[in-house]
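Notes for the structure review
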Amino acid sequence: MASSAVVDVPISTDRQRLSHLKQLEAESIHIFREVASEFEKPVMLYSIGKDSSVMLRLAQKAFYPAPIPFPLLHVDTGYKFREMLEFRDNYTRELGLDLLVWRNEAALAEGANPVKLGTQRCCGLLKTQALLDALRHYGFDAAFGGARRDEEKSRAKERIYSFRDKAGQWDPKAQRPELWNLYNSRVGPGESIRVFPLSNWTELDIWHYIHLERIPIVPLYFAKERRMLVRGDSLIPIEQSFVQGLPGEEQMVKCRLRSLGCSPCTGAIRSDADTLPKIIAELVSFRSSERANRIIDHDQDGSMEIKKREGYF
Amino acid sequence: MPLTQTLEEQATFEIEEFLAAEQAKDLLRFSTAGSVDDGKSTLIGRLLYDSRNVYEDHVRAVTRSGGGSAASSIDFALLTDGLRAEREQGITIDVAYRFFSTARRKFIIADTPGHEQYTRNMATGASTADLAIILVDARKGLLTQSRRHAYIAALLGIPHVVAAINKMDLVDYSEEVFTRLSSDFHELAERVGLKSVEAIPISALEGDNVVHRNERMPWYVGPSLLEYLENVEVICRNDDAPFRLPVQRVIRPHQNFRGFAGQIAAGTVRPGDRIVALPSGRTSRVERIVTFDGELESASAPLSVTVTLEDKLDISRGDLIASADEPPAVANHFAASVVWLHEQPLTLGRRYLLKHASHIVPARVQAVRHRVDIETIEPRDAHSLELNGIGEIEVETDLPILADLYGENRTTGSFILIDAATNATVGAGMVREVLTTAIEHKAERRPRVVLAGRELAAELEERLLELGHPVVRTRVLERSVWRALDEAGVVALVESDDVAQVLSSEFETEPVGDGSVDSVLDALRLSGGKEWV
């Protein structure tokens, strides 16, 4: 009995002690419904990662039995893992979702990549610029994102409705106060909001919910033998031709990805966690935060804040 | 091979136990507040660090930023101070949310700034908190900030408040100092109307009584701060209160399904329950409670659900489904406490948008009853409120809101005010007293739209302009246009060749007055009712 890997435990609906996950779920559903009702043209930013998977499930729950009343937008940098794109296409097709994909084709045609431009400029063009262009092109006035406040220090101060000016920029001092669950949805022409329905979830909550709800996720999250460049403590995935190792760096390593980004900039970690309970067990014993393996955040002190000011999520 | 399997089974078993324990955890939200140097960031850093909720890379980062080469010089405050601007200024300038958990509970901290000009952020953090921690510097005692925070905690109805008497290490862990400050705090709590209060002596810097109880204060026999946070009863669940479901959205995937979606604001609902839909006042019974995970036999606050009703009622977003036996007030004139959140002061008569539950309605502040002097917590005369001002106001809304008193329900008793011109969130309000319900109030309403034949319209326009009254004459039969004119404070003078026909098709009211110019002007200035002449 004890060897059963997945136990079907329904989320507690105990009246006296409502579980924290059930509370977080109810809160997120409330946010989805508010935005879908008060904005003219919302969109969900779909990054294919675990947080996006949870967002998608919450959106399904919010409007059930009706379909999700807004499209999904994937900003494809051109450097995403192949397995991510396969997952994206299969899963959205299976659920019958309206998926939009946007790439900064002009920058890609000029050969933009993190090795050539550095991670800051590369992100600026392929992520931030592409996102802003897509939002403007379609005229979206609200965009759901999967960011959580526990991820990074500047995120800890983010509102649930994050107000952006006409250029899509974020001014930490001009954010609107948010009291109770009353969100101010009024925006002027050209202005928009980013909405973070997972604001109050932690990384552990996300994994726990994926486990309980049996939410499909990209296989890259699970450990298996993969070909990697081993450079110091870093495991660098080999997907792009410009990522090239020195002799002996290329090895088969049992590893997995803790968060999904672009393949040249997302390091893997050595791990044996090939099931959800094992991932959670690993997470509990972890001594470093999930973004620690993102190469981009360490370029400059406060780099996330700088990117956000410019319009990044 | 069998040995390995056994070990793996063991590991799986333990994680299942862990997950079961995780799932049984409930959630406590608390806010923290303190003056600039009370050591609030240090306390939170310590709470996270000592309860093993900080990642090593974060600790490394703040050890480096702290500048010290000694490995032991962790700057706990830097673990929580995020933005560049505040690092430069050395103060926290915005609400930051922190997350940690212990074996018993998950915690969400709303870390709110202590600096005086950011009181609005303190109210923001307090609005969703089950508990507040007020930091008091043991050397300085209760300051203006402490009073302000205690008062805001009471105003926003936070169920529990803890005074963390900090920097006990700097007063030689003196019992006498603690006893004096504790009694000062209890006195303050009673004055502002806080019910459940506790004082705990701590040193955030040294870690005394934050997570672990410490022998340096043997005279203190109470719980450590964390022990208190883990055990205090969360009493904001509201499941025994009368049922309230603000309708956020009508879910209509096909002709045969019409569900009303919302987050239950109070109480419990079961199929068969008698409900009333407001503001229409029509009653029905709950047919089903529909969720993605299957139908429910009952659902309580704060779950998000979709309900279907036995009868086909006309319900839309902004309406509220309530227990038929104990409905909320249908109010369009009420008294409320308000915290002013914006540099632009409160202006009487100015058009604001009031958001209450899932409803946005135009509103005006008719009167400021008083403001509260935060130094003395005494009411003072006022005609306006400045940024960070707190007072009591009378509000009139164009359409009724379905309100409970804030003391009875923090969700259906609260609202925000939005400036209609700038879209800024300018005020946070709490309903204290319903002055007029919509039905009684109808007779006092100012006229907004005048429907008249061509000659009368021309004459009226001239007279109104002579009187200096803004007026727009239009032949457009479009309610949205009239509403826009009305919102701009202009009389909409709708001209039509067939008044009787328009009257019956567009309005559900009888003509008023004898059709003379004077009778209309009379109605416009003096008496009530929408005027359709």
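Residues numbered from 1 in each chain as written. Chains lettered and ligands numbered in written order. Predicted model: local features only at pLDDT ≥ 70, side-chain atom pairs only at ≥ 80, totals over all residues. Heavy atoms only, no water.

The secondary structure content of chain A amounts to nine helices and 10 strands. Counting over 313 residues, chain A shows a buried share of 62%. (Helix = DSSP H or I, 4+ residues; strand = E, 2+ residues; numbered from the N terminus. Buried < 20%, exposed > 50% of the residue type's maximum accessible area, 1.4 Å probe, protein only.)

All names here are of chain B. Taking strand neighbours across the sheet as the criterion, the six strands line up as β2-β3-β1-β4-β5-β6 in an open arrangement whose pairing is mixed. Of all strands in the sheet, those with a lone pairing partner are β2 (96–101) and β6 (196–201), marking the two edges. Looking at each pair of strands side by side, their axes are set apart by 25° on average, direction ignored. Here strand β5 (residues 160–166) pairs with β6 via six bridges, running parallel. (Pairing = 2+ DSSP bridges. Axes fitted to C-alpha atoms, helices over the stretch in contact; angles between N-to-C directions.)

Once that is clear, we can look at the packing of aromatic side chains. This model, assessed by the stated rule, comprises 20 aromatic pairs over all chains. Ring plane angle 15° and centroid distance 4.8 Å describe the contact between A:Tyr161 and A:Tyr183, whose orientation is recorded as stacked. Of the two residues, A:Tyr161 is situated in strand β5 (residues 161–164) and A:Tyr183 in the loop between β5 and β6 (192–195); the sequence distance between them amounts to 22 residues. Within the aromatic cluster, the residues linked to one another by ring pairs are A:Phe32, A:Phe63, A:Phe70 and A:Phe144. The ring of A:Phe140 carries the charged tip of A:Lys41 above its face, separated from the ring centre by 5.4 Å. One Lys or Arg, A:Arg149, reaches over the ring of B:Tyr97 and ends 3.9 Å from the middle of that ring. (Phe/Tyr/Trp six-rings, centres within 6.5 Å; stacked < 30°, edge-to-face > 60°. Lys NZ or Arg CZ within 6 Å of the ring centre and 35° of its normal.)

Residues and elements named next belong to chain A. Axis separation between helix α1 (residues 20–38) and helix α2 (residues 50–63) bottoms out at 9 Å; the angle between their running directions is 70°. With respect to each other, α1 and α2 are oriented roughly perpendicular. Mapping the contact onto sequence places Glu25, Ser28, Ile29, Phe32, Arg33 and Ala36 in α1 and Met55, Leu58, Ala59, Lys61, Ala62 and Phe63 in α2. Within the contact of α1 with α2, the residues separate by chemical class into eight nonpolar, one polar and three charged. (Parallel < 35°, antiparallel > 145°, perpendicular 65-115°, else oblique. Contact = heavy atoms within 4.5 Å. Nonpolar A, V, L, I, M, F, W, Y, C, P; charged D, E, K, R; others polar.)

With that settled, the discussion passes to the sheet that holds strand β1 (residues 42–45) of chain A. All names here are of chain A. Across the sheet, which stays open at both edges, the six strands sit in the order β3-β2-β1-β4-β6-β5 with mixed pairing between neighbours. Pairing within the sheet leaves two strands with one partner each, and these edge strands are β3 (99–102) and β5. Direction aside, the axes of adjacent strands within the sheet are offset by 30° on average. As paired strands, β5 and β6 are joined by four bridges and run antiparallel to one another. Counterpart to arginine 164 in the pairing with β6 is serine 192.

Where like charges cluster on the molecular surface, the negative patch consists of B:Glu455, B:Glu459, B:Glu462 and B:Glu466. Since its relative accessible area comes to 43%, B:Glu459 is described here as partly exposed. (Patch = residues over 30% accessible without salt bridge, like charges linked within 9 Å, V, L, I, M, F, W, Y side chains within 5 Å. Areas by Shrake-Rupley, 256 points an atom, 1.4 Å probe, with all protein chains shown as cover. Salt bridge = Lys/Arg side-chain N within 4 Å of Asp/Glu carboxyl O. Lys, Arg positive; Asp, Glu negative; His and termini not counted. Charge placed at Lys NZ, Arg CZ, Asp CG, Glu CD.)

Residues and elements named next belong to chain B. Confidence along chain B averages 83 in pLDDT terms, with 80% of residues attaining 70 or more. Per-residue pLDDT stays below 50 along residues 1–8; that stretch engages in one contact with residues further than four places along the chain or on separate chains. Throughout residues 440–446 the model reports pLDDT below 50, and contacts reaching past four residues in sequence, or to other chains, amount to 13 contacts. (pLDDT = per-residue confidence, 0-100.)

Attention now goes to empty space enclosed by the protein. Residue and element names in this part refer to chain A. Scanning the model with the defined rule gives seven cavities of 30 Å³ or more in all. In this structure, the second largest cavity spans a volume of roughly 70 Å³. Every residue lining the second largest cavity is listed: Thr77, Tyr79, Pro114, Thr119, Cys122, Cys123, Leu126, Lys127, Cys262, Pro264 and Cys265. Counting residues per element, the lining of the second largest cavity draws most heavily on helix α6 (residues 119–138), at five residues. (1 Å grid on protein atoms, 1.4 Å probe; cavity = no way out; pocket = protein on both sides within 12 Å on 5 of 7 lines; lining within 4 Å. Points joined across faces, edges and corners; volume = space filled by probe spheres on them.)

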